[in-house]
Amino acid sequence: MGYDFTFEANLTNEQLAGELAKLTPLTIDDVGKLLPKKVDKERFKKLIDIVRSAESQNKKLASFKGNVEELGEVTLKVLAKLLKYI
């Protein structure tokens, strides 16, 4: 019988949600509900990194376009949530 890593996976997922909440107006709870899977949180982090990079706007757009299939769903979820605040 193998070891059950559920606790560790959940802890990592919660820690990642906390990091993302610090970088956005979303709460940890918002991030957890909006992006329940670790992979979605990782994609959101990648999106944040692109947006906050020191690169020019054109390079940011090129980076986003190059990753749109990976980042598109997360982008729409987060944008829809943030628009509720406006």
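Asks: Just to check I follow, could you spell out the overall build of the chain for this structure?
Replies: Looking only at helices and strands, one finds five helices and zero strands in the chain. Taken along the three principal axes of its C-alpha coordinates, the chain extends 50 × 30 × 20 Å. For the chain, the residues scored as buried account for 29% of the 86 residues in total. Of the roughly 6200 Å² of accessible surface on the chain, a fraction of 59% belongs to carbon and sulfur atoms. Looking at charge distribution, the chain has the averaged site of its 15 positive side-chain charges lying 6 Å from that of its 13 negative ones.

Asks: What should I look at first to understand a nonpolar patch on the surface in this one?
Replies: On the surface, L79, L83, Y85 and I86 cluster together into a nonpolar patch covering about 480 Å² of accessible area. In this structure, L83 sits in helix α5 (residues 68-85).

Asks: Looking at this structure, how should I read the environment of K37?
Replies: Relative to the helices and strands, K37 is located in the loop between α2 (28-34) and α3 (38-52). You can call K37 exposed: its relative accessible area is 54%.

Asks: Explain the packing of helix α1 (residues 6-23) against α3 to me, please; I cannot follow it from the model alone.
Replies: Between two packed helices, the angle of one axis relative to the other and the distance separating the axes together describe the packing. As a packed pair, α1 and α3 sit with axes 10 Å apart at the nearest point and diverge in direction by 25°. Considered as vectors, α1 and α3 are oriented roughly parallel to each other. Regarding α1 and α3, the two cross each other, and that crossing is left-handed. Taken together, the residues of α3 that come into contact with α1 (itself represented by T12, N13, L16, A17, L20 and L23) are K38, K41, E42, F44, K45, I48 and R52. Classifying every residue of the contact of α1 with α3 by side-chain character gives six nonpolar, two polar and five charged.

Asks: Would you explain the nonpolar core in this entry?
Replies: Proteins that are soluble and globular tend to have nonpolar side chains buried together. One finds L20, V31, L35, F44 and V78 to be the most contacted residues of the largest nonpolar core, which totals 15 residues. Every element with two or more residues in this core is listed here: α1, α2, α3 and α5.

Asks: What is the right way to look at α1 in this model?
Replies: Helical geometry: 3.6 residues make up each α-helical turn, so side chains three or four residues apart lie on a common side. With 18 residues, α1 extends 26 Å from end C-alpha to end C-alpha; this agrees with the ideal 26 Å at 1.5 Å per step. Taken together, the buried positions of α1 are occupied by N13, L16, A17, G18, L20 and A21. Tucked inside the fold, the buried residues of α1 contact α2 and α3.

Asks: Sorry, what's going on with the pattern of salt bridges here?
Replies: Overall, the coordinates contain nine salt bridges when judged by the stated rule. Residue D30 is joined to K81 by a salt bridge in which the shortest nitrogen-to-oxygen separation is 3.8 Å. On the criterion of sequence distance, the pair formed by D30 in helix α2 and K81 in helix α5 is long-range, its members being 51 residues apart. With relative accessibility at 14%, the residue D30 sits in the buried group. Residue D40 is joined to R43 by a salt bridge in which the shortest nitrogen-to-oxygen separation is 4.0 Å. A residue pair is termed a helical-turn pair when its members lie 3 or 4 positions apart in one helix, as D40 and R43 do in helix α3 at three residues. According to the relative accessible area criterion, D40 is buried, its value standing at 7%.

Rules behind the numbers
- Residues numbered from 1 in each chain as written.
- Predicted model: local features only at pLDDT ≥ 70, side-chain atom pairs only at ≥ 80, totals over all residues.
- Heavy atoms only, no water.
- Helix = DSSP H or I, 4+ residues; strand = E, 2+ residues; numbered from the N terminus.
- Buried < 20%, exposed > 50% of the residue type's maximum accessible area, 1.4 Å probe, protein only.
- Areas by Shrake-Rupley, 256 points an atom, 1.4 Å probe, with all protein chains shown as cover.
- Lys, Arg positive; Asp, Glu negative; His and termini not counted.
- Charge placed at Lys NZ, Arg CZ, Asp CG, Glu CD.
- Patch = residues over 30% accessible without salt bridge, like charges linked within 9 Å, V, L, I, M, F, W, Y side chains within 5 Å.
- Salt bridge = Lys/Arg side-chain N within 4 Å of Asp/Glu carboxyl O.
- Axes fitted to C-alpha atoms, helices over the stretch in contact; angles between N-to-C directions.
- Parallel < 35°, antiparallel > 145°, perpendicular 65-115°, else oblique.
- Left-handed = near helix turned anticlockwise from the far one by under 90°.
- Contact = heavy atoms within 4.5 Å.
- Nonpolar A, V, L, I, M, F, W, Y, C, P; charged D, E, K, R; others polar.
- Core = buried A, V, L, I, M, F, W, Y, C linked by side-chain atoms within 4.5 Å.
- Expected span 1.5 Å × (residues − 1).

As far as function goes, none of this settles anything; it's purely spatial.
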